[in-house]
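# Examining the three-dimensional arrangement
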Amino acid sequence: MTIRKNDETLPNGTHSSAPSPAEGFEVLLITGMSGAGRSRAADSIEDMGWYVVDNMPPKLLVPLVDMMTSAGSGIHKLAAVIDVRSRDYFDDLSAVLSHLDDLGVKTRILFLDASNEVLIKRYESVRRPHPLQHGNRLIDGILEERDLLENLKERADIVIDTSTLSIHQLSTKLYEGLLGAGPSTVSVHIFSFGFKYGIPIDADFVADVRFLPNPFWVPKLRSMTGRDKAVSDYVLSSEGASEFLDAYEKAIAVAIEGYAQEDKHFVTIAIGCTGGQHRSVAISEALAKRLRSRGLNVSVSARELDNKGTEK
């Protein structure tokens, strides 16, 4: 299946090629030695927002990209686990990579490797034969696969040796290779809530801002929410609001730095007031703005506003 660029006729009668829908689409090929951690890597990459397909024959990559781009699926990042166990597979993959490049698809290769000694121990621990062993010694299958993949490893954009890596260390390496290192790899979600409706059980941090003056008792602000400027100004100018945000931002930043090193890449922060309509909403938005200025990916929601809660 071929993806062609669309021709567009300009007013002066000339023709211009419109961008192919495949342009801007990313494909990550996950490959490498059997037993080096391809499945573990696929799980981590899926957590990063990639659409992951396992055991993908190379010839199906182009039709799959075509389907995803032409159907307007909204998916722009495809990761395919490729198990190259024959010369024919390798030849197919080379042709597909060249074709995807012609289409303007950004393609990267992630190659996972490990020492022969480590691969032998891993296979012996699960008591399974190597896919290329064919009744021979385990090392024979490993050496055959290593020879087969030698050229592909040289073409790889990212090579990770998993010999001494734990599951969490491998995930951290993948985040560093695909997204960069440090806190910027941590996604933060902040949501406001009302204590009167229950404390959330899915938050990593819970903050209580009921010490701030309640806009509910200001008649002109009562019907508004913390997303309205008048309410936000009232809350943020209250005594203690700035000091709280300064201290809480620093504490969260320290924690996120540690989370990035410990392979925790998703953090949920809950900010609560009485009913979850005024104070917690304003503080959530303010904290999100501060964390974004640090380069973090931050999303915000308001539990009680979505549930039409009323603060009292």
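Residues numbered from 1 in each chain as written. Predicted model: local features only at pLDDT ≥ 70, side-chain atom pairs only at ≥ 80, totals over all residues. Heavy atoms only, no water.

## Section: the packing of aromatic side chains
Given two aromatic rings, one states the distance between the centres and the angle between the planes to describe the pair. Rules: What counts as a ring pair is set by centres within 6.5 Å for rings of Phe, Tyr and Trp (its six-membered ring), and what kind of pair is set by the plane angle: stacked under 30 degrees, edge-to-face over 60, tilted for all other angles. Type-normalised accessible area, obtained with a 1.4 Å probe on protein chains alone, sets the label of each residue: buried when under 20%, exposed when over 50%, and partly exposed for intermediate values. Numbering of helices and strands runs from the N terminus, with a helix taken as a DSSP run of H or I at least four residues long and a strand as a DSSP run of E at least two residues long.
Using the criterion set out here, one finds six aromatic pairs in the structure. With a centroid separation of 6.4 Å and 50° between ring planes, the pair formed by Phe191 and Phe193 is classed as tilted. Both residues of the pair, Phe191 and Phe193, count as buried. Geometrically, the ring pair formed by Phe244 and Tyr248 is stacked, given 5.3 Å between the ring centres and 15° between the ring planes. Remark: Tyr248 and Phe244 occur in helix H9 (residues 241–261); sequence separation between them is four residues, near one turn of the helix. The same class applies to Phe244 as to Tyr248, namely buried.

## Looking at the pattern of salt bridges
Counted only if it meets this: We define a salt bridge as a contact between a side-chain nitrogen of Lys or Arg and a carboxyl oxygen of Asp or Glu at a distance within 4 Å.
Counting across every chain of the model gives 11 salt bridges. With its nearest N and O atoms 3.0 Å apart, the salt bridge here joins Arg146 to Asp113. Residue Arg146 is located in helix H5 (residues 138–148), and its partner Asp113 is located in strand E6 (residues 106–113); the two are separated by 33 residues in the primary sequence. On the basis of relative accessible area, Arg146 is assigned to the partly exposed category, the value being 24%. Since its relative accessible area comes to 5%, Asp113 is described here as buried. Asp113 is paired through a salt bridge with Lys153; the nearest N and O atoms lie 2.7 Å apart. Here Asp113 is found in strand E6, whereas its partner Lys153 is found in helix H6 (residues 150–155), with 40 residues between them in sequence.

## Details of the pairing of E6
Within a regular strand, the side chains alternate between the two sheet faces. We count it as follows: When DSSP finds two or more bridges between two strands, those strands count as paired.
E6 sits mainly inside the fold: six of its eight residues count as buried. Pairing of strand E3 (residues 26–32) with E6, which is carried by seven bridges, proceeds in the parallel orientation. Opposite Glu26, over in E6, you have Lys106 as the bridge partner. Examined bridge by bridge, E6 and strand E7 (residues 158–161) share four bridges and lie parallel to one another. Following the sheet pairing, Leu110 is matched in E7 by Ile158.

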